[in-house]
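Report on the structure
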Amino acid sequence: MAFLALLFLALVSGCTLATQQMPRFQFSPSSKVLLSWSDTWEVGSSNMLSILTEGKHINIQVSVSGDRGGSGLKRVLIYECPQSQAQMIDMDTLQSSLSPEHRCPNTIPFTVQAGNSENHFQLKMKASEVHYTQVASRRVKLVVRVEWSGGAIQSNPLFLYNFDPLGAFSVGKMGALDLKFLTPAAIELMTRLNYSSPLDDQFPAVPFIESSISSFVKNAPQFVRSKITLGSSLYFDAGSCLHNQLGKATLFTSYYSKFDLRHQKLQKIMHLDVESGYLDFCACGLKKEITSFYHEKKSQYTIGICTIISFSGESEPYLKIQEADQRYSIDKVHYSGCPMLSIACKVAPNAKKTLTIMAGIDNTALVCPILCNDKSQMYRFFRDGNPLYASQLEEWTVIDGIRVSRTGNIIEFTPSVSSAHSGIYKCDAGSEHFEFNVTVVSMPHFAVTYSSAASGIPSSESSGLLPEKVFAMEGESLSYSCTVMFSGLKSVTVEPTFYMPMVSNGKVNWDRLTDEAFRQKFSNGDNWMSVTTTSTSNSSKTLTMDVIRVPQANPSLGTNFSHRFECNASLNQFESVSQVGMSEYRTQTGADVFFLKRLTKDSFLINPNNNCSVQKCSVSNGAKFEFALSESTAAYLRDVGVDVSGYLMLDDLLLQDVKTLFVKDASAIKFDAKTFTLTYEVFPISQKGVLNELQKRKNLTAVYNFRYQPKTALTNLRHDKSAYGSPSVALGQRDCRADKLCFYSTDFDLSNGLEFLRVDLAFLDTPLPEPGVASTSVVIVGVAIAASVALIVGLVAAYLMTRTPERAYLVEEKEIRLGHNPKAEAKNETFKDYVRAGAADNEDAPVQSVVGTKQMLNASIVSVHSKDDLELS
């Protein structure tokens, strides 16, 4: 049984949401009922049965997921021996022991030991001690219980059978030969082709199976009668019966799943009815076949006579071959052919016209009971008048869930058949025909997932299952349902069960409630929910949970609408025992329902500057708008698996569709899928078209859609969004009303508490120059600047090219006019002693002028100058 995630609502400033997942069994849904040896029992699935022979085993897989509140799991195998009280095995203490303890030692003994991994175990069958008459009524019931500190879950049962006592039965001996369940007449027929019938009887019959065994089969549960195969193998080899090879044997059986082509044709000349025990056969045809085969495969000394008990099926769920006498002397064997082979055909007088086919229990055969001496005779099958033609290139041809043999005289119903396969099946051969009235019985199931590569049947979809997860938004309307499928049964019921999380002593417990008790948890006198069961046919029932309005949380109880909803299908005890030999039959499907509190302003983080009146949306500044879910709201949505998407609307248009706003460097939209932050940024505006588009729009609206994860199959789940009108064509699949995976959108509450998600747009009207004028002005200014720079550069270049360096100064220019060469004079100039004019020793002589410097004369500073200096001043 599976349980749901716990949601608590703490009514403090905002909602703090927490989740837990209670332990649950993990298994693959299937309509399979019968486990073959070496199969795996996935604990938690619907009721199963297994028929094991000594030494064979099945695997047990106990997979549990979920939150245990920090405590460990204890796994217990509860087994109930025939007519005994239940006993328990602590599975966590089991080891891979070579000598595990025998359970049910005096009835149907078995052992259990640990497997190769933590979650796997192996159950092995030992020799049964029950009487052969009780093999269909004595069984072991197995249930797995998983316990933890906060509670426990328990699986549906597996019923374990052992049919070995049928093979151990013996009516007595015939010399050294142990007859087992064969009659002396059967031995005479197989070894000497003798039978007590008039010589001219072309279609005689002999009692082949001992009457007490036939009586057992006749009174066994339906799954035994439709599946069991009894008979004998005439083994023309000195080897052991345990190594019986079809190529060296002739089988006298009602059927055998491993028939080769030769044995399929042999069914045209003999027919063994296990409920009457009689073998009908063609005298000449059988004599010719046995004599010819004997001489082809003749052993030098002995032949073997073996008994066979099996359950028909592709995987052969049960097989027991034992020796009657595997050293039967050929001196006792005598065969002679038929001198004249008749072409006559006849319907076997012991053939049953009414048959029941059990679905989910491997392949079940239907053999045409028309006997013909010539095994090359053509056979045909018809289903409700429509031919079932077999390909001659394949051993089996699959037609709508039915396998048709190449020989045309055998068809097999695959495990996936349903009530649609019930009807009239006719076979004909020669001038004879025979009709079967077939009823297909399938146990209640919510999923059909059986597949078989060999049979060519693909896996079927699980159309009847509840959705695994349901999101229930406060105040919304929704419904979820399950459909149980079955056929040939009258007592099928399907009932709802609710599980609600409650806290007791610091631990989370899950209370099991009826629909009425669950209703009262949230009822205020109104009819807010209903559970109905409808039958659309005699092969299905649908249970629907209609939630007219998801209720608010219940503060007084500390609970909310979070729950686990289960559909439980079952049979009454009489049909369960008579059809599949189980004292009970149950199967379930469940949905985890998560409550989501309706969003308020506290559920968001809104940029206070979003409005243009605050942030001053303008040409130069641009604008930025930010919206985000609060950290606690975002964390909860991530935890429960809600897929959140966001988009922006510009008035009634999808913003991203307004292409004018998304030219290069105009604006950008961002959505952070981790924080659920939605941002729209308008960059400083340089284009008139962008400004015009923004100025003519009134509102920008942030919209959040809450969705199921992509690729989620929403089978049998419906969210009613009709109250919010028709989808917007402009939004397409972005519109929650048009999106099948979307269950809620903030768009639904824009005028009911979430008005803040819509902001007013008002970009300041700062006109931009006309595009043409602006371009011309820029060109003119650029050209003028370029021309001025070119003129200046040209004048400087001309000056530098034409000037003479030595004429750069005025003094030099004057010297040149007077015939001097300043450069040469400067090169030849040397330092001279300066003296008074007139006489070198005359102290009173006047001082002559010295050009271009100052001299220190007797500690006095004398200014030396020239009239030419005036030109520099």
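If you're wondering where the values come from, they're calculated on a predicted model, not measured in any experiment.

Quick look at the overall build of the protein now. On a plain count of helices and strands, the protein comes out with 14 helices and 55 strands. Going through the 873 residues of the protein one by one, you find that 49% of them count as buried. Pairs at least 24 residues apart make up 66% of the contacts formed inside the protein by residues separated by at least 6 positions. For the protein, the accessible surface area stands at approximately 41,400 Å², while carbon and sulfur atoms represent 51% of it.

This part is about the environment of D765. Mapping D765 onto the fold places it in the loop between β53 (758-760) and α12 (771-802). Sequence separation between D765 and S618 is 147 residues; the distance between their C-alpha atoms is 7.4 Å.

This paragraph deals with the sheet that holds strand β11 (residues 110-114). Pairing is mixed in the open sheet, where four strands are placed in the order β5-β7-β12-β11. Strands with a single pairing partner mark the edges of an open sheet, and in this sheet they are β5 (40-42) and β11. Averaged over all pairs of adjacent strands, the angle between strand axes in this sheet comes to 25°, irrespective of strand direction.

A full pass over the atoms with the stated rule returns 41 aromatic pairs. Plain terms: the ring middles of F208 and F252 are 6.0 Å apart, the flat faces sit at 15° to each other, and that makes the pair stacked. Of this pair, F208 sits in the loop between β18 (205-207) and α3 (211-218) while F252 sits in strand β20 (residues 249-253), and the two are 44 residues apart along the sequence. Accessibility assignment for this pair places F208 and F252 in one class, buried. On the basis of an interplanar angle of 50° and a centroid distance of 5.7 Å, the ring pair of F236 and F293 is categorised as tilted. Taken as a pair, F236 in the loop between β19 (228-235) and β20 and F293 in helix α6 (residues 283-297) lie far apart in primary sequence, 57 residues in all.

Strand order in the open sheet formed by four strands is β44-β45-β49-β48, with antiparallel pairing between adjacent strands. One side of each edge strand has no neighbouring strand; the edge strands of this open sheet are β44 (604-606) and β48 (667-672). Shown here is a sheet whose adjacent strand axes are inclined to one another by a mean of 10°, direction ignored. In this structure, strand β45 (residues 623-629) lies alongside strand β49 (residues 677-682), joined through six bridges in antiparallel fashion. Along β49, the bridge assignment pairs K624 with E681.

Overall, the coordinates contain 28 salt bridges when judged by the stated rule. Note that E289 and R262 form a salt bridge whose closest N and O atoms lie 3.0 Å from each other. Note that E289 is positioned in helix α6 and R262 in helix α5 (residues 261-266), a separation of 27 residues in sequence. There is no split in this pair, since E289 and R262 are both buried. Salt bridges sharing partners connect three or more residues here, namely R24, R564, E566 and D592.

What follows covers helix α11 (residues 688-695). Inspection of α11 places V690, L691, E693 and L694 among the buried residues, and these make up the whole buried set. The buried side chains of α11 occupy one side of the element, clustering within an arc of 160° when seen end-on.

Turning to unusual backbone geometry, a few remarks are in order. Located in the positive-phi region is Q83, a residue other than glycine, with phi close to 55°. Counting through the fold element by element, Q83 comes out in the loop between β9 (74-80) and β10 (86-90).

Here we take up the nonpolar core. Within the largest apolar cluster, 190 residues are counted, with the highest numbers of intra-cluster contacts made by F208, Y480, F518, F561, F625, F706 and F763. Discounting residues that sit within four places of it in the chain, F706 has contacts with M473, L596, L599, L637, V642, D643, V644, L741, C742, F743 and Y744. By size, the runner-up hydrophobic cluster in this structure holds 24 residues, among which are L388, V417, V438 and V440.

This brings us to the state of the cysteines. Applying the stated rule across the entire model yields eight disulfides. Put simply, C241 and C306 are joined by a disulfide, and their sulfur atoms are 2.0 Å apart. Every disulfide takes its handedness from the sign of the S-S torsion; for C241 and C306 that torsion is -80°, giving left-handed. One end of the pair, C241, is in the loop between β19 and β20; the other, C306, is in strand β23 (residues 302-311), with 65 residues separating them in the sequence. For C306, a relative accessible area of 0% corresponds to the buried category. Across a sulfur-sulfur distance of 1.9 Å, C284 and C338 are joined as a disulfide pair. Taken together, the residues span a long stretch of sequence, with C284 in helix α6 and C338 in the loop between β24 (318-329) and β25 (345-347) at a distance of 54 residues. Its relative accessible area of 16% is what places C284 among the buried residues.

Given 3.6 residues per turn, any residue in an α-helix points the same way as the ones three and four places further on. Restricting attention to buried positions, one finds in helix α7 (residues 515-522) the residues F518, R519 and F522. With its buried residues spanning 100° around the axis, α7 presents them on a single face. Elements that come into contact with the buried residues of α7 comprise β38 (493-504), β39 (507-513), β40 (529-537), β41 (540-547) and β42 (563-570).

Along the chain, T93 falls in the loop between β10 and β11. With 18 residues separating them in the primary sequence, T93 and R75 have C-alpha atoms 9.5 Å apart. In terms of polar contacts, T93 uses its side chain to reach the backbone carbonyl oxygen of D90, at 2.8 Å.

The next thing to look at is the pairing of β49. Judged from the six bridges that link them, β48 and β49 form a sheet pairing that is antiparallel. Pairing of K670 across the sheet is with T679, part of β49. Hairpin connection of β48 to β49: four residues between the antiparallel strands, including F676 at a positive phi of 60°.

Take the side chain of N162 next. Tracing the backbone through its elements, the reader meets N162 in the loop between β15 (158-161) and α1 (164-168). A distance of 3.3 Å separates a polar side-chain atom of N162 from the backbone oxygen of K126. At 2.8 Å, the side chain of N162 and the backbone nitrogen of D164 are in polar contact. Aside from chain neighbours lying at most four places away, what touches N162 is L52, T53, E54, I108, M125, K126, S128 and V135.

Looking now at the environment of F594. Structurally, F594 is set in strand β43 (residues 586-596). A relative accessible area of 6% means that F594 is categorised as buried. For the pair F594 and G641, spaced 47 residues apart in sequence, the C-alpha to C-alpha distance is 10.0 Å.

For β19, a buried count of eight out of eight residues is recorded, marking the element as mostly surrounded by other parts of the structure. Burial along β19 is two-sided: the face carrying I228, L230, S232 and L234 and the face carrying T229, G231, S233 and Y235 are both buried. Pairing geometry for β19 and β23, over eight bridges, is antiparallel. Opposite I228, over in β23, you have F311 as the bridge partner.

Cut-offs and rules
Residues numbered from 1 in each chain as written. Predicted model: local features only at pLDDT ≥ 70, side-chain atom pairs only at ≥ 80, totals over all residues. Heavy atoms only, no water. Helix = DSSP H or I, 4+ residues; strand = E, 2+ residues; numbered from the N terminus. Buried < 20%, exposed > 50% of the residue type's maximum accessible area, 1.4 Å probe, protein only. Contact = heavy atoms within 4.5 Å. Areas by Shrake-Rupley, 256 points an atom, 1.4 Å probe, with all protein chains shown as cover. Pairing = 2+ DSSP bridges. Axes fitted to C-alpha atoms, helices over the stretch in contact; angles between N-to-C directions. Phe/Tyr/Trp six-rings, centres within 6.5 Å; stacked < 30°, edge-to-face > 60°. Salt bridge = Lys/Arg side-chain N within 4 Å of Asp/Glu carboxyl O. Arc of directions from axis to C-beta. Core = buried A, V, L, I, M, F, W, Y, C linked by side-chain atoms within 4.5 Å. Disulfide = S-S within 2.5 Å. Polar contact = N/O pair within 3.5 Å; in protein donor to acceptor, adjacent residues only side chain to side chain.

Keep in mind that these numbers describe shape and distance, not what the molecule does.
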